[in-house]
Structures are given as structure tokens and as C-alpha cells.
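Architecture at a glance
Below are the chains, spelled out letter by letter.
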Amino acid sequence: MTRLSNGTLPHLPKTIATPDYDRTKVTVGIVHLGIGAFHRAHQAVFTDEILARDPSWGICGVSLRSADTRDALKPQDGLYTLKVQDGGGETLRIIGSVVETLVAPEDPQAVLARMADPATRIVSLTVTEKGYCHNPAIGMLDENHDDVLHDLKNPGDPRSAIGFIVEALARRQEAGVAAFTLLSCDNLPSNGHVLKRVVSRFAELRDLRLAAFVAKVACPSTMIDRIVPATTDADRTAIADALGVEDAWPVVTEPFRQWVIEDHFPLGRPAWEAAGAVFVPEVSAFETMKLRLLNGSHSTLAYLGYLAGAETVAEAMALPGMQPLIEGLMREEVSPTLPPLAGFDLVAYRLALIARFKNPALRHRTWQIAMDGSQKLPQRLLGTIRDRIRAGASCDRLVLGVAAWMYYARGLDEAGQAIDVRDPLARRIAAMTQGLHDPGEIVAAFVGLEDVFADDLGRDAGFRGALIGALSRLLATGSAAELAGWQTPSP
């Protein structure tokens, strides 16, 4: 079948929305590190909607590991399909904002040259929590990380996002070019501040003059929200049938999208507000709300749902007891810890989250959400637990989510079958829990991970006791039975 491309674009069915601008006039203004499905369903879509008014903000997407995305998109001139679906139906739209794709391991110099180009005014990132080469418990650069050590030794041939950013800034400094804005779009609390800390420390380890230049780089924080499950072969087939041409890597998502951004862009920015983004002086309150309500709930239902045999989020939400558990977690344990959000309807937001989780059209796999739990839990669950402990309040549902992660991360499901655990600490966790069966011993091993639990939670007797109790129940009767006990919602 013929591929989607600039040449086939005019021949698509009239029901398919296509770019409303001349792609030949689009030039690169943004370099995006980590061009995965989320970026292509979120930031690239916002950008696509403003290129008609300013074509200087095209995106160069950089893959830091695999060539898969480049190999899929390059024959398509960077075009791909966005499929938006819920229980009421679906819409298809062609996105054209990605005008160049690079693969860092193949040609790091091409990536650095593009980042150092004066036309590049923003470098954005969706590299997931582990891509920051930091200790997620404290948000500081992990100076013993393999990629950090490599990039300090080989600054002109980096392999981490942090190494690429600092080397590109070094080249701009030497050329007398102003620093680009760094825009983190990852699910990290105060993501801009975290990014600024790790790049600043990396620069200090390289050169103090460079560190002074990096210290002035703008790093606005953001809050991003859209559920983007992994694309399946069935998705590709259905989209090809609708288009009449093949799309090697479409993205599938929900109607809801949200982007809250601190407005600090010294070299200018796209008019993303025209596409629905919200610019604010300070994003932390929105960020905390989303991380704790959406992402904390997502992780909890993913681990419990996976253990109970639910392949997708919607299937997990249909398990007896899951919806009351998640509703109670959001309403009773998370919401009291949130900062004030003037004019924001928190009740409506929680109801919208439940509806999004139950969307039957999105096959968002619990296994996908379960990835990298050691990096995600400090932001999604453990910070909320600390606040509840300080307030002398209960956090039984939150603790159950952590216990479910511990069960999952050990690498064996309830039938004793191996779980494909994708986590930077997977081998370490497997080694430290091998042969352990007593819940108390398992919990003791996990809370000893200071890069996850820091040095406070592991010493809290109440937290450890609650964890042991929750893990004991899961090990004894399983996740489905535990969830069934939550079928009656609390008043």
C-alpha cells in the first residue's frame, strides 16, 4: 500500500483533516528530545494548530535511543495520523508539525548542530523520569549514573539528554548565540526546576564558565495531560483502511488535553494559547494536582489491575471495587493535600478523570503505565503519603498502591508467572527480593531503596506497618479479592 506523505496528502478522503498551512514554508524552531507517542499526541498537536500564523516553529524530533520513530516517519515526510476516540466515536487528523527527525546514537553531531543553530529557540523534552539521570527521591543529578559519567568524559559525543543539552549550550556560548529555552514536558513535580538543577550541576562538573552561562537558561515548568496508549497493529490497520494509504506510526488518544505553562521564553515562543494552552506565572499547583490525582490514581489502578488480570485501564476500572477505591483515593486522601486552585472545580476534575479512565475506546495497557515505577512513585504517591502522615491522617488507599507496586516489581504475578518488569531498578529489586516470602522482609528490602523512599519513609513505623498489612493481604488472597473489599464507597 502507498505510504502517507506530502504527495499523497491531497488525495486523502475529504473527511480527514489535514494541515491548514504550507509545509514547504515551515522551518525548525523547536528541537524535541524524546519524540515518542505522547509528544506527537500532545505538544506536536498544539504546535500544528499555530503554524498557519507562524511557520518558524516547526519541530525537529530527536530519538535518543531507537531509530524506530525516524524510520516510520521519514518516508512519510514527518506526517502521521492523530486518532482521537472515546465511547462516542472517533476523528482522524493528519499532523504536519514534525518536519525533521534525527537519531542521536547514529549522528550525535547532527543533533548538536541543530540544537546549536540560532534558529532553535526552544529545546523541549519528553524523556520520562529516568531520562533526567537524577535521583527521583531528591531531584538531584545522579553523578554516578553511567550516562553522566560517559558524557562528562566525552562531552562532544553525548548519549544522555542532559549531555546533549549542556554540550549544545556550550557551543552556543562559544559562538556568541543566546541560550535556548528548556521546556520539560515530563511528569515530574516542578519539572522545570528539576531540569535546571540537573543541567546546572552537570555544567558545573564540566566547566565553571559554562556553568555561569547555563545558570541563566530559562526553564519554565509545565503541566501536561493527555492519555496516549501505545499504538497497536490493529490501530494501524484501521487507520490505513480509513486513509486509503499506510501510516507506519499513527498515534491514538482521547479528546481531553491540557497544557499549563509558565510564561518565560526569552527568545520567543509559539502562540500555543491559540490552541488552548494556558500560560500562568506559576504552574506548581496545577502540576501537583495532576501528578497526585491523575498519575497517582493511574499507577495505583495499573498495579492492582495488572495483578488482577486486567489488561487495560478500562478493564481495571470495571473490576469490582476499583472505582470506589480510586474515587476514595482522590477525594479523601489526595484532595486534602492539594494547594488552593482559585476558580478551579476540583470535583468536576475528579469526575472527568473517572470518565477518562473508563473510556472503552482507549486500550491503555496497565503494563505500559506500570513501567518505571521506581522513578514515578516518589512524585505520584510518596509525596502525598508524606503529607498525610504529617497531618496525622489515613492513607490506606495510597499505601495499597505502593504495596501493589512492590508485589509487581518483584517480577512474579499471582500465578507465579514472570512479569516483564521495565524499570531502571528491576535487576536490583529482583536480586534483593529473591527468595523472600515474608511480607515484613519484602517491605524492609524495598524501603531500603533510598533513591525511591529517601531516608524518612523507611523509618516511619506506621507507614511500614501499613505496607506490611497491605502486602500481606495481596500475597494471601490476591488483588481482585482485595479490591472487592472496597466495593462500598465511603460516605
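Residue indices follow the written sequence of each chain, beginning from 1 at its first position. Residues qualify for local features only when their pLDDT is at least 70, as the model is predicted, and side-chain atom pairs are given and counted only at 80 or more; totals for whole chains, interfaces and linings, by contrast, use all residues. The side-chain figures draw on all heavy atoms in the structure; neither hydrogens nor water molecules are used.

Further remarks concern the packing of helix α16 (residues 396-409) against helix α20 (residues 461-477). The convention used is that axes are lines fitted to C-alpha atoms, helices contributing only their stretch in contact, and that angles between N-to-C directions extend from 0 to 180 degrees. The helix count covers DSSP runs of H or I at least four residues long, the strand count covers runs of E at least two residues long, and both are numbered beginning at the N terminus. Contact geometry of α16 with α20 gives a least axis separation of 9 Å together with a crossing angle of 60°. Here α20 runs oblique to α16, going by the angle between their axes. Helix-helix and strand crossings are classified by hand; for α16 and α20 the assignment is right-handed. Only Phe463, Ala466, Leu467, Ala470, Leu471, Leu474 and Leu475 of α20 make contact with α16, whose side of the interface consists of Val399, Leu400, Val402, Ala403, Ala404, Met406 and Tyr407. Roughly parallel here means an angle under 35 degrees, roughly antiparallel means over 145, roughly perpendicular means 65 to 115, and every remaining angle is called oblique. By definition, turning the near helix anticlockwise from the far helix through less than a right angle yields a left-handed crossing, and turning it clockwise yields a right-handed one. Two residues qualify as a contact provided that any one of their heavy atoms is within 4.5 Å of a heavy atom in the partner residue.

With that settled, the discussion passes to the sheet that holds strand β10 (residues 222-225). Spatially, the three strands line up as an open sheet ordered β10-β12-β13, and their pairing is mixed. Of all strands in the sheet, those with a lone pairing partner are β10 and β13 (278-280), marking the two edges. This sheet shows a mean twist of 15° between the axes of neighbouring strands, independent of strand direction. Whether two strands pair comes down to DSSP finding at least two bridges between them. The sheet contact formed by β10 and strand β12 (residues 258-262) spans four bridges and is antiparallel. Each residue of the ladder has a partner; that of Thr222, found in β12, is Ile261. Its contacts with the sheet put helix α10 (residues 284-307) on β10, β12 and β13, and the angle it makes with β10 is roughly 35°.

Pairing in this open sheet of five strands is parallel, and the strands run β5-β2-β1-β6-β9 from one edge to the other. In the strand order of this sheet, the two ends are held by β5 (98-103) and β9 (181-184), each with one partner. Adjacent strand axes in the sheet meet at a mean angle of 25°, parallel and antiparallel pairs treated alike. Lying over the sheet, helix α7 (residues 191-206) contacts β6 (122-125) and β9, oriented at roughly 125° with respect to β9.

To continue, consider the layout of surface pockets. With a 1 Å grid laid over protein atoms only, a set of points is called a cavity when a 1.4 Å probe fits there but cannot get out and a pocket when it is open yet has protein on both sides within 12 Å along at least five of seven lines; lining residues have an atom within 4 Å of a point. Grid points are joined across faces, edges and corners, and a volume is the space filled by probe spheres set on the points. The computed volume of the second largest pocket comes to approximately 330 Å³. As for the second largest pocket, its lining consists of 18 residues, of which Pro189, Arg292, Pro378, Gln379 and Gly383 are closest to the centre. For the lining of the second largest pocket, the secondary structure elements donating two or more residues are α7, α10 and α15 (373-390). Per-element accounting of the lining of the second largest pocket gives the leading share, four residues, to α15. Here the lining of the second largest pocket is composed, by residue class, of 10 nonpolar, five polar and three charged. Classification used: nonpolar for Ala, Val, Leu, Ile, Met, Phe, Trp, Tyr, Cys and Pro, charged for Asp, Glu, Lys and Arg, polar for all others including Gly.

By convention in these notes, a salt bridge is any Lys or Arg side-chain nitrogen within 4 Å of a carboxyl oxygen on Asp or Glu. Counting across every chain of the model gives 32 salt bridges. The salt bridge partner of Arg397 is Glu332, with a shortest N-O separation of 3.5 Å. Of this pair, Arg397 sits in helix α16 while Glu332 sits in helix α12 (residues 322-334), and the two are 65 residues apart along the sequence. One salt-bridge network, held together by shared partners, links Asp48, Glu49, Arg93 and Arg257.

Most often, soluble globular proteins keep nonpolar side chains buried together rather than apart. In plain words, nonpolar cores are sets of buried Ala, Val, Leu, Ile, Met, Phe, Trp, Tyr and Cys residues tied together by side-chain atoms within 4.5 Å. Think of it in three bands: residues with accessible area under 20% of the maximum for their type are buried, residues over 50% are exposed, and the middle band is partly exposed, with areas taken using a 1.4 Å probe on protein chains only. Ranked by size, the top nonpolar core spans 74 residues in total, and within it Met322, Trp405 and Phe453 carry the most contacts. With 11 residues, α16 is the single largest residue contributor to this core. Look past the residues within four positions of Met322 in its chain and what remains in contact with it is Leu301, Leu304, Gly305, Ala316, Met317 and Leu483. The next biggest cluster of nonpolar side chains, apart from the first, holds 41 residues, and it includes Val31, Leu33, Met115 and Phe164.

For helix α17 (residues 426-433), the complete set of buried residues consists of Ala426, Ile429 and Thr433. For α17, the angular spread of buried residues about the axis comes to 65°, placing them on one side. Within α17, the exposed residues directed more than 90 degrees away from the buried face are Arg427 and Ala431. Looking at the buried positions of α17, the neighbouring elements they touch are α16 and α18 (439-447). Following α17 by one or two positions, Gly435 adopts a phi angle in the positive range, close to 80°. Working note: the arc is built from the helix axis to C-beta atom directions.

What follows deals with the state of the cysteines. Sulfur atoms of two cysteines make up a disulfide when they are within 2.5 Å. Across all of its chains, the model carries zero disulfides by this definition. In this model Cys133 remains outside any disulfide bridge; the closest cysteine sulfur is found in Cys219, 15 Å from its own. Using a relative accessible area of 12% as the deciding quantity, one classes Cys219 as buried.

Here we take up helix α6 (residues 161-175). A rise of 1.5 Å per residue sets the reference length of α6, with its 15 residues, at 21 Å; its end C-alpha atoms lie 21 Å apart and thus fit the reference within 8%. The element α6 is extensively covered by neighbouring structure, given that 12 of its 15 residues are classed as buried. Considered for burial, the residues of α6 that qualify are Ala161, Ile162, Gly163, Phe164, Ile165, Val166, Glu167, Ala168, Leu169, Ala170, Arg172 and Gln173. Positioned one or two residues after α6, Gly176 has a phi angle of 70°, which is positive. Given a helix with a known number of residues, its expected span is that number minus one, times 1.5 Å.

Another aspect to go through is the environment of Glu414. Within the secondary structure, Glu414 is located in the loop between α16 and α17. The spatial distance from the C-alpha of Glu414 to the C-alpha of Phe463 is 24 Å, given a sequence separation of 49 residues. The residues touching Glu414, leaving out its near neighbours within four places in the chain, are Leu307, Ala308, Tyr407, Gly478 and Ser479. Here Ser479 takes part through its backbone nitrogen, which lies 2.6 Å from a polar atom of the side chain of Glu414. N or O atoms within 3.5 Å of each other form a polar contact, as long as, within protein, one can give a hydrogen and the other can take it, and as long as residues adjacent in sequence are counted only when both atoms are side-chain atoms.

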